[in-house]
Amino acid sequence: MKTEYMMGNKAIALGAIAAGVNVACGYPGTPSSEIIDSIAKANKDKAIHVEWSINEKAAMEVAAGASYAGARCLVTMKMMGLNVASDALMSLAYVGVEGGVVVVSADDPGPISSQTEQDTRLFAKYCRIPVFDPSSVEEAYRMVQDAFEYSEKYKTPVLLRPTTRIDHAYASVTYDETAKPKDVPGFVKNSKRFVIFPGLSRANHAMIEKRNPEIGEEFSDYAFNRVYGGKDVKKAVVAGGTGFAYAMEYMQGREDAKLIHVATPHPLPERFLLNALEGVEEVLVVEELFPYLEEELLMLAGKHKLSYKVLGKHTGNSPLSGEDTAEGVAEEIGVFLGEFTHEEERMKSTVEQIKDKLSGEVKTPPLAPALPVRPPVLCAGCPHRASFYAVKKAMKGRKANFSGDIGCYTLGNAMPLDMVDTCLCMGAGITMAQGLHWTDPDTVNFAFIGDSTFFASGMTGIANAVYNEADLTVCILDNSTTAMTGHQPHPGTGRNMMGDVVAKISIEGILKGMGLKKVITVNPLNLEEAVEAVRECAEEKGVKAILFASPCVALFKPEQKCTVTDRCIGCKNCIREIGCPAISVKEDKITIDALSCTGCNLCAQVCPVGAIEKEVR
Amino acid sequence: MSYNILLCGVGGQGTVLASKLLAATACKTGITVHSAETIGMAQRGGPVTSHVRLGEDAYAPLIPKKKADLIIAFEPAEAVRNLGYLKKGGAVIVNSSPIKPVTESLHPAGYDGSEMTKYLEGFVKRLVVVDADDLCKDLGSAKFFNVAVLGLALGAGLLSFTKEDMLSTIETTVKEAFAEINKKAFITGLAAGEAARQANPELAVPGEAREMSKRNLTDEEEKHFLAVKEEIEEKRRKAAEGVKS
């Protein structure tokens, strides 16, 4: 055994390895991405098949196939990826698995870097499969192994749902570094079992509904479903996930109330809860996202005619949306336990301030100065900035729509570029641009999509446009990586997660193969050429594509940088036009930060007096 | 008992490495540690924070408001943004040189960082204001501030580690090619920290963070340490004389 300080995602990866995982696949998505990265790093002998699949649905299906042959499979994604994979998962839940399948779907309360605040626990209930809900990094390491055991015992896919604060938290974890992948027995054909037909679904659905309460019964003895604090008390806090960690922070060592940790929200460990709630008159539920446990407890009370009162999101005791905080949960519990009221808690800091002022302990602080807002922006030298700017410049004065997509380039919406009119979900830009086109054929439509997103779900949209004869220019922002989630390779990069050099799939070849008549590849950092390519495409009907090809600046050390010479007239055109974070005004002079400048030279190309020069570092 | 350290700054300033070094040192010395970072979308020039929690009874991944013993701010406005986390009587180390967001360049509101440090001076008694560019001028780049500021925190008596432990963590954590320069950065900070502590006797609270060990520095480290310290004291003398005359 070895102990190491590690990220939650690495702990999940090492937990899967300790469970003898044979196949690990997924699609990058914050906060889940580092799980596959970590398995690939640990897979020196290539004994595990590790892949970034083309999207989450593909990953789920690769795992289903391998599982039928008896392999243990880990599938990773963020929770919105679960929407993409749900077609496969929903059916897999009915067919069942042979080798254990653990699906990690990382939730993102807040949301911090996501489009929705959906709750994977609810998805587990919808799929009728078990879900484990870790409250710490250490627990996540153990739970992924337990999840494999349950998956194989009950022949069902199992969900593990960490949240951002588990995935991206760090802790010391002791792990088994000698673990080897399990022996895979091999696929035994059995069409009665592996071919989904209504007959199979009918029989298996009934079996699943009979089985789930049995799993709930077994979960009632599961080690992480545990009661802390006092016995024979009238008040209890029921908590799950990160909510449990926040509640524990406030309630540790207390005997006047109990804290009930529910680590397996579905199937509900009924016997455990009924025992834990015996004699309890009031329950406060602490959980992020959906009021899942709260509704389960209400249902339990109805089913067993219990008289405890349930407080939580439905009663206004805790928020229905957003991320929990330690102090927010502390206040909820403090008020619940009658230690103070919300009003008192809010008054407290004011009273403290007045006391400090009277005692002279602190000088009267001036009014807090206005804080600068820091919306995330494209990096200095990012080629996406140049691509957006080229389209903007070429379309100046024309009616044009700019449909965006998911990735770093969503940040093209920021001022002064202001080049993203819509963004919905992975791959939607291309198809939404078609919808916009059919409502107003006189407006020129552009869709922006990154290279990784193109492979994930952009190709079908292009086929749709060609087939239905839409007018559209697709701008593929090809930076040769999946930048936003931490630079994962994809089919266009020529590398895979087994460390092999593989054939690159040519985006240009795909586009031409789909019948696009015009496909222009251009370096966006050459502004004049890029603008010309955009103009050319905008003039033509049909589906056209521009491949803006330039690698992500975070991947290499810049060899050049730009500097402002004394020819600068201080017109700030560079700042107003492109909004590069390396350019700022210092002591009334335009300056370029030498540390972050990559020498992309875009600013030099927009300077009206040629005052910016590129030099070798 | 727990000791909570909040590191804050702007994406790209290296707060993550700093928190890793703190956590790794804690682990090595047998202190239970948990930490959490904001990464992802926020990385692209947005505000970033790392919550480092030392001690057995820290369960929550994030530090509760008003529970941070120490805030290490890599940028003045970020210090003010996160001031709500500071416990009553807690300590703050802040870099005074601002990072102006693009929005400030587009629509100047006059943000220059000094309004933030002035505000902090009115609020926080245990405060160290340091100019990262100035502190790192011998290191060739302000990007080494992330390691220098750890030395500063230790020198100021705000961390419970030893010099030896921290230096060996730096050695094993950062890439070999950068180990020497980062160790130099740490020593630079250490000297500045000790100077800050002499200037403000209230900065360190005995027992809050254990006194650092007296491990001898190597000759070269010692020389550098003394040189930086001398320079800072010289500057302070001059400033004091300036005030008098």
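Look up: the structure comes first, before these words.
Description of the structure in this document.

Analysis parameters
Residues numbered from 1 in each chain as written. Chains lettered and ligands numbered in written order. Predicted model: local features only at pLDDT ≥ 70, side-chain atom pairs only at ≥ 80, totals over all residues. Heavy atoms only, no water. Helix = DSSP H or I, 4+ residues; strand = E, 2+ residues; numbered from the N terminus. Rg over C-alpha atoms; globule rule 2.2 N^0.38 Å. Buried < 20%, exposed > 50% of the residue type's maximum accessible area, 1.4 Å probe, protein only. Contact = heavy atoms within 4.5 Å. Areas by Shrake-Rupley, 256 points an atom, 1.4 Å probe, with all protein chains shown as cover. Lys, Arg positive; Asp, Glu negative; His and termini not counted. Charge placed at Lys NZ, Arg CZ, Asp CG, Glu CD. Pairing = 2+ DSSP bridges. Right-handed = clockwise from strand over helix to strand, strands pointing away. Expected span 1.5 Å × (residues − 1). Axes fitted to C-alpha atoms, helices over the stretch in contact; angles between N-to-C directions. Buried area = accessible area lost by both parts, 1.4 Å probe. Polar contact = N/O pair within 3.5 Å; in protein donor to acceptor, adjacent residues only side chain to side chain. Left-handed = near helix turned anticlockwise from the far one by under 90°. Nonpolar A, V, L, I, M, F, W, Y, C, P; charged D, E, K, R; others polar. Core = buried A, V, L, I, M, F, W, Y, C linked by side-chain atoms within 4.5 Å. Salt bridge = Lys/Arg side-chain N within 4 Å of Asp/Glu carboxyl O.

1. Regarding the overall build of chain A
Now for step 1: Helix and strand counts for chain A stand at 21 helices and 22 strands.
Now for step 2: Relative to the globule expectation of 25 Å for 617 residues, the C-alpha radius of gyration of chain A, 28 Å, shows essentially globular dimensions.
Now for step 3: Taking the principal axes of the C-alpha coordinates as reference, chain A spans close to 80 × 80 × 55 Å.
Now for step 4: Residues classed as buried in chain A amount to 57% of the 617 residues present.
Now for step 5: Partitioning the intrachain contacts of chain A with sequence separation of at least 6 by distance along the chain shows that 77% fall at a separation of at least 24.
Now for step 6: Counting only carbon and sulfur atoms, one obtains 54% of the accessible surface of chain A, whose full area is about 25,800 Å².
Now for step 7: Side chains of chain A carry 64 positive and 78 negative charges; the gap between the two charge centres is 3 Å.

2. Quick notes on the pairing of strand β14 (residues 400-403) of chain A
Residue and element names in this part refer to chain A.
Now for step 1: In the sheet, β14 pairs with strand β15 (residues 444-450) via four bridges, with the strands oriented parallel. Bridging across to β15, Phe402 finds its partner in Phe446.
Now for step 2: Regarding topology, helix α16 (residues 428-439) serves as the crossover connection from β14 to the parallel β15, and that connection is right-handed.

3. Thoughts on helix α15 (residues 383-394) of chain A
Residue and element names in this part refer to chain A.
Now for step 1: Taking 1.5 Å as the rise per residue, α15 with twelve residues should run 16 Å; its terminal C-alpha atoms sit 17 Å apart, in good agreement.
Now for step 2: By the criterion of burial, α15 is predominantly enclosed, with ten of the twelve residues buried.
Now for step 3: Three or more residues of α15 are buried, namely Pro383, His384, Arg385, Ala386, Ser387, Phe388, Tyr389, Ala390, Val391 and Ala394.

4. As for the sheet that holds strand β11 (residues 258-261) of chain A
Residues and elements named next belong to chain A.
Now for step 1: Here five strands make up an open sheet; going across it, the order is β9-β11-β10-β12-β13 and the pairing mixed. What marks the edges here is a single partner per strand, and that holds for β9 (226-229) and β13 (309-311). Geometrically, the sheet is characterised by an average inter-axis angle of 25 degrees between neighbouring strands, direction not taken into account.
Now for step 2: In the packing of helix α10 (residues 242-251) onto the sheet, the strands contacted are β9, β10 (235-239), β11 and β12 (282-286), and the crossing angle to β11 comes to about 160 degrees.

5. Observations regarding the sheet that holds strand β4 (residues 68-73) of chain B
Now for step 1: If you walk across this open sheet you meet the eight strands as β1(A)-β8(A)-β2(B)-β3(B)-β1(B)-β4(B)-β5(B)-β6(B), and the pairing is mixed. Because the sheet does not close on itself, it has two edges, and the strands there are β1 (2-7) of chain A together with β6 (126-130) of chain B. Strand-to-strand twist in this sheet, taken as the mean axis angle between neighbours without regard to direction, amounts to 20 degrees.
Now for step 2: In the sheet, strand β1 (residues 3-10) of chain B pairs with β4(B) via four bridges, with the strands oriented parallel. Its bridge partner being in β4(B), Ile5(B) is matched across the sheet by Leu70(B).
Now for step 3: Where helix α4 (residues 114-123) of chain B meets the sheet, its contacts fall on β5 (86-95) and β6 of chain B, and the angle it forms with β6(B) comes to roughly 160 degrees.

6. Some words on the pairing of strand β16 (residues 472-478) of chain A
All names here are of chain A.
Now for step 1: In terms of residue burial, β16 counts as a mostly covered element, since seven of its seven residues are buried.
Now for step 2: In β16, alternate side chains face the same way, and those of Leu472, Val474, Ile476 and Asp478 on one face and Thr473, Cys475 and Leu477 on the other are all buried.
Now for step 3: Where β15 lies against β16, five bridges are found, and the strand directions are parallel. For Phe448, the partnering residue across the bridge sits in β16 and is Cys475.
Now for step 4: For the handedness criterion, the β-α-β arrangement of β15, helix α17 (residues 451-467) and β16 is classed as right-handed.
Now for step 5: Bridge analysis of β16 against strand β18 (residues 543-549) gives seven bridges, and the strand direction is parallel. Residue pairing in the sheet places Leu472 in a bridge with Val543 of β18.

7. Side note on the interface of chain B and chain A
Now for step 1: With 51 residues of chain B at the contact, the number on the chain A side is 57 residues.
Now for step 2: Between chain B and chain A, the buried area comes to about 4,600 Å², and carbon and sulfur atoms account for 64% of it.
Now for step 3: Counting across the interface, chain B meets chain A through 14 residue pairs in polar contact (both at pLDDT 80 or more).
Now for step 4: At the level of secondary structure, the elements contributing two or more residues to the side of chain B that touches chain A comprise α1 (15-28), β2 (33-37), β3 (47-54), α2 (76-81), α3 (102-106) and α4 of chain B.

8. Let's talk about the packing of helix α6 (residues 145-155) of chain B against helix α8 (residues 176-199) of chain B
Residue and element names in this part refer to chain B.
Now for step 1: Remark: α6 packs on α8, axes separated minimally by 6 Å, with the N-to-C direction vectors making an angle of 35 degrees. α6 and α8 meet at a crossing whose hand is right-handed. Residues Val147, Ala148, Leu150, Gly151, Leu152, Leu154 and Gly155 of α6 lie in contact with α8, whose contacting residues are Asn182, Ala185, Phe186, Gly189, Leu190, Ala192, Gly193, Glu194 and Arg197.
Now for step 2: Split by residue class, the contact of α6 with α8 holds nine nonpolar, five polar and two charged.

9. Some details on the nonpolar core
Now for step 1: One finds Val391(A), Met395(A) and Phe446(A) to be the most contacted residues of the largest nonpolar core, which totals 75 residues.
Now for step 2: Sequence-distant contacts of Val391(A), that is, excluding residues within four places in its chain, are made with Phe402(A), Met419(A), Phe446(A), Phe448(A), Cys475(A), Val534(A) and Phe548(A).

10. Overview of the pattern of salt bridges
Residues and elements named next belong to chain A.
Now for step 1: Taken as a whole and assessed by the stated rule, the structure comprises 42 salt bridges over all chains.
Now for step 2: Lys46 is the partner of Asp500 in a salt bridge, and the nearest nitrogen-oxygen pair spans 2.7 Å. Here the residue Asp500 occupies a position in the loop between β16 and α18 (507-513), and Lys46 occupies one in the loop between α2 (34-42) and β3 (49-52), the gap between them amounting to 454 residues.
Now for step 3: Residue Asp500 is classed as partly exposed on the basis of its relative accessible area, which comes to 32%.

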